[in-house]
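Here is how the chains run, residue by residue.
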Amino acid sequence: MALPAGRTAYKKKDGILTLTPDQQTVTWTPNTGGPAQVSLSVANVTNLQQTPDSAAKTMLKVFAKPSEGGEPVPYLFHFNTSEAKDEAKAVRDLLSRLLAEMKNSDPNVPTPNVGTPNTQANGNGGSGASGSMAFASAVNKSQQASLQWFDDSQLKNNYELQQSLMKKDPSLHRTYMEAMAMKPDTITGSAFNTQFWSTRINMLRAHAIETSQKGGQYNVLSTVRAKSDNGELKLNLTVEQIQMLLAQYPLIRRIYNENVPPRSDKDFWVEFFTSRLCTRLRGERVEENANFSPLFDKHDINENTPSYHSKIMAQNVPHIIDIEANEENQGGVRSGNKKDVEMRPSKHVAIVKTVNSVSERIMANVAPSDPNDEVANEAYTQLGLRDLRGPEEEHRIMLNVKEQNKLFAKRDAAPSSNAQVFAKQNPDDVLFDIQADLATLVEDGVGGLDLAAGIGFNDDSESDEEDNSPAKRNHVGSRSILRVAEKEILHGISQQRAQQYGHASDDTTPMGLSRAMADRCSLTHATTVEFLHQFWSAFLSGDPDRAAELQYLAESLAKSIDRINVVAEEATKEREELIKKRKQDIRDHYERTGKKIRWKSDMVEGGREAVIKLMQPVLDAIDGARSKYADALAAEGIKVSTES
């Protein structure tokens, strides 16, 4: 069989891309003749990427590891003839078959079970590599946090942790405030803070450990139920639960993205939890008279695990727990007692696969409880016979201090800073300056001194500034200086009051939005962030098989912008209703009392502007993701579709 060859361009030079007769090396030879300029071992090839058939240009990108090791290097070949697509397909198919044969023949790489798809999906809808990187990042963060628990200096300087502990313990907060009020003036605030918390390191460490612990993921679908109240279905669903539902069930995420909007979030989730699909995903039996939902019940639960691949099979499973391998070695159990009814294959295999896939997505990001084998063996060796050893000898260095009286001898104290300043001054010059200042004082006419005039303050003037000269504006006692001093005093009072009684602002109504609208913003933000996670997981995986999924996720980001705009329009309507109601109240007040109330519509917060300000970071993230996706398509010669 003839080896496939493709007429390609590499680094703007024409040549031939083919394989050696032994099918062990990929070569590219220029048309000008000479040896092959590119020679890649098939064993070092890690990935292949080809442009879609609908693209105007046909290109093949080969990722290969260098012979000396390191990260894979991409090689881009451009097929530039009339038969480019057929030649590229022939070369790619042969390379894909060779890579698959090498992978199957490698004893170190376990093969998946029959019937299990090769495509892998984790809880975030990403590849296994991205899930491993996320897990490693989480482990590194937890290790850094645990190191901070044992560092006393970091605990004593962690102001946020101290404030959090005092909010939780009011008695400790009162103790701190009383001690702060009674401290001597010679002790600074930072010195007092360090001294106060140095005796409470154990409390700070316990609070840091408590606040760093977070609840893990769980199967949300089995805990949420729709309740009926006077014929109306009510659902208690939090933002965190919705995020976990979208992460654990790709089918629900796809239906949500396709139908919200125009359907509202509340109607969507109420209809889902009353559908037959929800009952099947829970693993429960569907009643004959159960409610039928045309939106959800047309889907099969097998759609939830089309790309699911067990991560357990990617690891070396010990033979003692590898049940399938044991049955294969024994030739299967063909005699004896029948298996228990729960162990026989049944029609509920799809439900079992769905539950297993959800369980493994949850456990994928959980840190293993068993340590590394090498570390465990070293610890076991150290602890093996330690209980039989005798007491170890103490190796201490004895210190003897001679002539201790010299350490406590009284020494002459150095002069203070004020004494050093006074020693450098000339008494005649000091007296002359004092007499000059006294000569500027003005008498008040009755034998006294006019102190207000002496500092440049005119009590009879109502203007903010009596003089526009810089000396007048910066003069001690001017109205501007007094106003600044008053502002600083009031700011200090408000700070002390906030520390003792808490802030007056309500976190449930940010920027004037109502509580219901703030909850909608929070829900929309959570779902948008979830789609961003899915997009970047697919985009950074480098897997050409996920190109269709990546296109779908890019369209999902565009729909996320539509969801944000819908929430902004509803906030605008809500603000207009508040303005209309306030105007009517002012008219009624004027008709009753004949007095006008000074009011402007700008005093009413909320509306579209508030929603856009809250959502601006996530909107910027969406724009960045879409621009990266457009740049990637342009680099591959694919035009970005403008259809929404």
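Residues numbered from 1 in each chain as written. Predicted model: local features only at pLDDT ≥ 70, side-chain atom pairs only at ≥ 80, totals over all residues. Heavy atoms only, no water.

1. Considerations on the packing of helix α20 (residues 515-539) against helix α22 (residues 607-635)
α22 packs onto α20 with a crossing angle of 20° between their chain directions and a minimal axis gap of 11 Å. For the element pair α20 / α22, the angle class is roughly parallel. For the crossing formed where α20 meets α22, the hand is left-handed. Each of Cys521, Thr524, His525, Thr528, Val529, Leu532, Phe535, Trp536 and Phe539 in α20 lies in contact with α22, whose residues at this interface are Val611, Met615, Val618, Ala621, Ile622, Ala625, Lys628, Tyr629 and Ala632. Taken together, the residues of the contact of α20 with α22 sort by class into 14 nonpolar, three polar and one charged. (Axes fitted to C-alpha atoms, helices over the stretch in contact; angles between N-to-C directions. Helix = DSSP H or I, 4+ residues; strand = E, 2+ residues; numbered from the N terminus. Parallel < 35°, antiparallel > 145°, perpendicular 65-115°, else oblique. Left-handed = near helix turned anticlockwise from the far one by under 90°. Contact = heavy atoms within 4.5 Å. Nonpolar A, V, L, I, M, F, W, Y, C, P; charged D, E, K, R; others polar.)

2. Considerations on the pattern of salt bridges
A complete count under the given rule lists 14 salt bridges for this structure. The closest approach of N and O atoms between Arg97 and Glu101, which form a salt bridge, is 3.0 Å. Here Glu101 and Arg97 lie together in helix α1 (residues 84-105), a separation of four residues that amounts to about one turn. The partly exposed category is assigned to Glu101, whose relative accessible area is 42%. The partner of Arg608 in a salt bridge is Glu569, and the shortest N-O contact between them spans 2.9 Å. A residue pair is termed long-range when its members are at least 10 positions apart, and Arg608 in helix α22 and Glu569 in helix α21 (residues 547-593) qualify at 39 residues. Here Arg608 falls in the partly exposed class, since its relative accessible area comes to 33%. (Salt bridge = Lys/Arg side-chain N within 4 Å of Asp/Glu carboxyl O. Buried < 20%, exposed > 50% of the residue type's maximum accessible area, 1.4 Å probe, protein only.)

3. Re the nonpolar core
Formed by 52 residues in total, the largest nonpolar core has its most connected members in Trp269, Phe272 and Phe273. Among the elements of the structure, α8 (239-248), α9 (250-259), α10 (265-273), α11 (276-282), α13 (349-364), α20, α21 and α22 are those that each provide at least two residues to this core. Dropping the residues within four chain positions of it, Phe273 is found in contact with Leu221, Val224, Ala226, Leu235, Leu237, Leu245, Cys278 and Arg282. Counting residues in each nonpolar core, the second largest holds 22 residues, with Val45, Leu48, Ala64 and Leu98 among its members. (Core = buried A, V, L, I, M, F, W, Y, C linked by side-chain atoms within 4.5 Å.)

4. Some thoughts on the pairing of strand β4 (residues 38-41)
Side chains on a regular strand alternate between the two faces of the sheet. Here β4 shows a clear split, with Val38 and Leu40 buried on one side and none of Ser39 and Ser41 buried on the other. Sheet analysis places strand β3 (residues 25-30) next to β4, joined by four bridges and oriented antiparallel. Following the sheet pairing, Thr25 is matched in β4 by Ser41. (Pairing = 2+ DSSP bridges.)

5. Considering the side chain of Asp297
Along the polypeptide, Asp297 turns up in the loop between α11 and α12 (323-330). Although Asp297 is buried, it forms no salt bridge, and the closest oppositely charged side chain is Arg276 at an N-O distance of 4.6 Å. Among the polar contacts made by the side chain of Asp297, one reaches the main-chain amide nitrogen of Leu277 at a distance of 2.9 Å. There is a polar contact of 2.6 Å between the side chain of Asp297 and the backbone nitrogen of Ser293. Those residues in contact with Asp297 that sit more than four places away from it in its chain are Ser275, Arg276, Leu277, Asn291 and Phe292. (Lys, Arg positive; Asp, Glu negative; His and termini not counted. Polar contact = N/O pair within 3.5 Å; in protein donor to acceptor, adjacent residues only side chain to side chain.)

6. Thoughts on the side chain of Glu87
The topology assignment puts Glu87 in helix α1. Ignoring any residue separated from it by four or fewer positions in sequence, one finds Glu87 in contact with Ala5, Gly6, Arg7, Phe79 and Thr81.

7. Quick look at unusual backbone geometry
Cis geometry marks the peptide bond from Val260 to Pro261, where omega comes out at -15°. Examined against the element boundaries, Pro261 turns out to sit in the loop between α9 and α10. Positioned with a positive phi, Lys11 is a non-glycine residue whose angle comes to about 55°.

8. Observations regarding the pairing of strand β2 (residues 13-19)
Here five bridges tie strand β1 (residues 6-10) to β2, and the two strands are oriented antiparallel to one another. When the sheet's bridge partners are listed, Arg7 is paired in β2 with Ile16. Here β2 pairs with β3 via five bridges, running antiparallel. What sits directly across from Thr18, in β3, is Thr27. Connecting β2 to the next strand, β3, in antiparallel fashion are five residues, including Gln23 with a positive phi near 55°.

9. What about the confidence of the model for the protein chain?
Looking at the protein chain as a whole, its pLDDT mean stands at 75, while 72% of the residues score no less than 70. α22 holds the highest mean pLDDT among the elements of the protein chain, 89, whereas helix α18 (residues 470-473) holds the lowest, 48. Within the model, the stretch residues 107-136 combines pLDDT values under 50 with 57 contacts to residues more than four positions away or in other chains. (pLDDT = per-residue confidence, 0-100.)

10. Describing the UniProt feature "coiled-coil region" (unreviewed entry) in the protein chain
Per the UniProt annotation, the sites labelled "coiled-coil region" (unreviewed entry) are residues 561-588. As annotated, residues 561-588 has a helix share of 100% and a strand share of 0%, and its two end C-alpha atoms lie 41 Å apart. (UniProt positions renumbered as here; feature names shortened; annotations may be inferred.)

11. Description of a nonpolar patch on the surface
On the surface, a nonpolar cluster with roughly 620 Å² of combined accessible area is contributed by Val430, Leu431, Ile434, Leu438, Leu441, Leu449 and Leu451. Considering the arrangement of structural elements, one finds Ile434 in helix α16 (residues 427-439). (Patch = residues over 30% accessible without salt bridge, like charges linked within 9 Å, V, L, I, M, F, W, Y side chains within 5 Å. Areas by Shrake-Rupley, 256 points an atom, 1.4 Å probe, with all protein chains shown as cover.)

12. Quick look at α21
Between its terminal C-alpha atoms α21 stretches 70 Å, which fits the 69 Å expected from 47 residues at 1.5 Å a residue. One or two residues past the end of α21 sits Gly594, with phi positive at roughly 75°. (Expected span 1.5 Å × (residues − 1).)

13. Examining the sheet that holds β4
Sheet architecture is open: seven strands sit in the order β4-β3-β2-β1-β7-β6-β5, paired in antiparallel fashion. Two strands lie at the open edges of the sheet, namely β4 and β5 (45-50), each paired on one side alone. Neighbour-to-neighbour, the strand axes of the sheet open up by a mean angle of 30°, direction not taken into account.

14. A short note on the packing of aromatic side chains
Enumeration over the complete set of coordinates arrives at 18 aromatic pairs. Pairwise contacts between aromatic rings join Tyr256, Phe268, Trp269, Phe272, Phe273 and Phe296 into one cluster. Residue placement shows Arg200 over the ring face of Phe196; its charged tip is 3.9 Å from the ring centre. (Phe/Tyr/Trp six-rings, centres within 6.5 Å; stacked < 30°, edge-to-face > 60°. Lys NZ or Arg CZ within 6 Å of the ring centre and 35° of its normal.)

15. Quick notes on the environment of Leu95
Assignment of secondary structure puts Leu95 in helix α1. Between the C-alpha atom of Leu95 and that of Val45, which follows or precedes it by 50 residues, the distance is 9.0 Å. Sequence-distant contacts of Leu95, defined by excluding residues within four places in its chain, comprise Leu19, Val26 and Leu48.

16. Side note on α16
Its 13 residues give α16 an end-to-end C-alpha distance of 19 Å, which sits within 8% of 18 Å, the value for a rise of 1.5 Å per residue. Taken across its 13 residues, α16 has zero buried, putting it largely on the surface.

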